[in-house]
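Understanding the architecture of this molecule
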Amino acid sequence: MPDLDTSQLDLDDVPSHVGLILDGNGRWAEARGLPRTAGHMAGEEALFDAVDGALAAGLKWLSAYTFSTENWSRDEEEVEFLMWFNEDILLRRRDGLNEKGVRIRFIGDLRDPRVPERNRIHMAETEKLTKTNDRLTFVFAFNYGGRMEVARSVRKIAGQVATGALQPDDITIDDIAAHLYIPEMPDPDLIVRTSGEQRLSNFLLWGSAYAEFLFVEKHWPDFRAQDLIDAVVEYQARGRRFGTA
Ligand code: IPE
Ligand code: IPE
Ligand code: MG
C-alpha cells in the first residue's frame, strides 16, 4: 500500500461511523468488456484498502453495503456469485483483519433461507473470531435493507406491547433505535457512495437522519485507502447544524 497522506486530517474530530455504499462494480467491468462478476472481484481490493484507510484515520466504525434486500432481483447467476464471494472473502480475509485488531459484524437478515447455510456459518464464525477486537468495527450490511431493519424493530416492540411490558403511548425514538441490528452502532456521520449515483438505496435509513453525504464519481473498484481519508477530510470541512440556527 502506498504511503497515506493524513496531514490534512484532524485526528481529534473523526466521524464516529462512516458508511460506504459500494456502487459501480458492474459499470467498471462493462467498461472493460468484462462480465459484471469481474467488477465485484475487482471491488475486493477497494474494500480492504478502505479498511486500511479507516485504520489510518483512526475510525472506530466502518460499514459497507455489500448486498441489499433488493439485490435478490438481479440475475440468478450474479446473486449466486455474490453469495459465494461474500463467503470466500470472509474465509480469505478474516485472519488478516483479526491480526489488525478489526472486529467484523453483520447487519441484515442473515436468517433468510435464500442465504446459503455455509455462508451463514462462516459469518457467525467470523463474528466470534473477531469478537474481542476493538480497534475498528467493520460492519458488512449483507442482505440488508433499512426499511426491513425498522420493521424488525417495530415487530420486537409490538411483542413487548403484546405482553403488557410496554404501553403504546410510551414508545419512543430510543425504543426504535434500541432494537436495530446493532443498537450500539453509532449513527453514520458520513455516508460515501461511489459511481456518481446520489441516493441511499435503502442503506441505514434510521441512522442517516443527519448524516453528511459524499458522492464520488469513481466506480467502487477504483476506490483506495486515500479516498477514504480524503472523504473524512472533506467531511471535517462541512458545517453540521442538526437543526440549530
Ligand atoms: C455494487 O456494484 C455492488 C453491489 C450492489 C453488490 P453494482 O453491481 O451495483 O454495479 P453497477 O451499479 O451495476 O455498476
Ligand atoms: C446499492 O447499490 C446496494 C449495494 C451497494 C449493496 P445498487 O446498485 O443495488 O442500488 P441502485 O439499484 O442503483 O439504487
Ligand atoms: Mg449499482
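Residues numbered from 1 in each chain as written. Chains lettered and ligands numbered in written order. Predicted model: local features only at pLDDT ≥ 70, side-chain atom pairs only at ≥ 80, totals over all residues. Heavy atoms only, no water.

1. A word on the sheet that holds strand E1 (residues 18–21)
An order of E3-E4-E2-E1-E5-E6 is seen for the six strands of this open sheet, with the pairing classed as parallel. Both edges of this open sheet fall to strand E3 (102–107) and strand E6 (212–215), since each of them pairs with a single strand only. Here the average twist between neighbouring strands, direction ignored, is 20 degrees. Pairing between E3 and strand E4 (residues 136–144): six bridges, direction parallel. Paired with arginine 103 across the bridge in E4 is threonine 137. (Pairing = 2+ DSSP bridges. Helix = DSSP H or I, 4+ residues; strand = E, 2+ residues; numbered from the N terminus. Axes fitted to C-alpha atoms, helices over the stretch in contact; angles between N-to-C directions.)

2. Let's talk about the environment of threonine 6
Residue placement: threonine 6 occurs in the segment before E1. Under the relative-accessibility criterion, threonine 6 is labelled partly exposed at 29%. Note: C-alpha distance between threonine 6 and aspartate 230 (224 residues apart in sequence) is 8.4 Å. The contact partners of threonine 6, leaving out residues within four places of it in the chain, are Ala56 and Ile229. (Buried < 20%, exposed > 50% of the residue type's maximum accessible area, 1.4 Å probe, protein only. Contact = heavy atoms within 4.5 Å.)

3. Things to note about the pairing of E1
Every second residue of E1 is oriented toward a common face, with Val18 and Leu20 on one face and Gly19 and Ile21 on the other, all of them buried. Bridge count for E1 against strand E2 (residues 61–68) is four bridges, and the pairing is parallel. Bridge pairing in E2 places isoleucine 21 opposite tyrosine 65. As judged from the four bridges shared by E1 and strand E5 (residues 190–193), these two strands associate in the parallel manner.

4. Quick word on the site of ligand 2
Close contacts around ligand 2 come from Ile21, Leu22, Asp23, Tyr65, Thr66, Phe67, Ser68, Asn71, Arg74, Arg193, Arg199 and Ser201, and that covers them all. In the model, an oxygen atom of ligand 2 is placed 3.1 Å from a nitrogen or oxygen of the aspartate 23 side chain. The separation between an oxygen atom of ligand 2 and a polar side-chain atom of arginine 74 is 3.2 Å. In the complex, 78% of the free accessible area of ligand 2, which totals 390 Å², lies under the protein chains. With four residues, E2 is the largest single contributor of residues to the shell around ligand 2. Across the shell around ligand 2, the residue classes tally to four nonpolar, four polar and four charged. (Near = heavy atom within 4 Å. Polar contact = N/O pair within 3.5 Å; in protein donor to acceptor, adjacent residues only side chain to side chain. Areas by Shrake-Rupley, 256 points an atom, 1.4 Å probe, with all protein chains shown as cover. Nonpolar A, V, L, I, M, F, W, Y, C, P; charged D, E, K, R; others polar.)

5. Some thoughts on the site of ligand 1
In the neighbourhood of ligand 1, 13 residues make up the surrounding shell, with Leu22, Asp23, Gly26, Arg27 and Arg74 lying closest. Interatomic distance of 3.3 Å between a backbone N/O atom of glycine 24 and an oxygen atom of ligand 1. Bound to the protein, ligand 1 loses 88% of the 380 Å² it would expose on its own. Of all the secondary-structure elements, those providing two or more residues to the shell around ligand 1 are helix H1 (25–30), helix H2 (36–57) and helix H3 (76–99). With three residues, the top contributor of residues to the shell around ligand 1 is H1.

6. Here's the deal with unusual backbone geometry
For serine 201, which is not glycine, the phi torsion reads 50 degrees and is therefore positive. Within the secondary structure, serine 201 sits in the loop between E5 and E6. Look at serine 201 and you get partly exposed, because its relative accessible area is 30%. At phenylalanine 242, a residue that is not glycine, the phi angle is positive and equals roughly 50 degrees. For phenylalanine 242, the position within the fold is in the segment after helix H7 (225–236). Judged by its relative accessible area of 48%, phenylalanine 242 is partly exposed.

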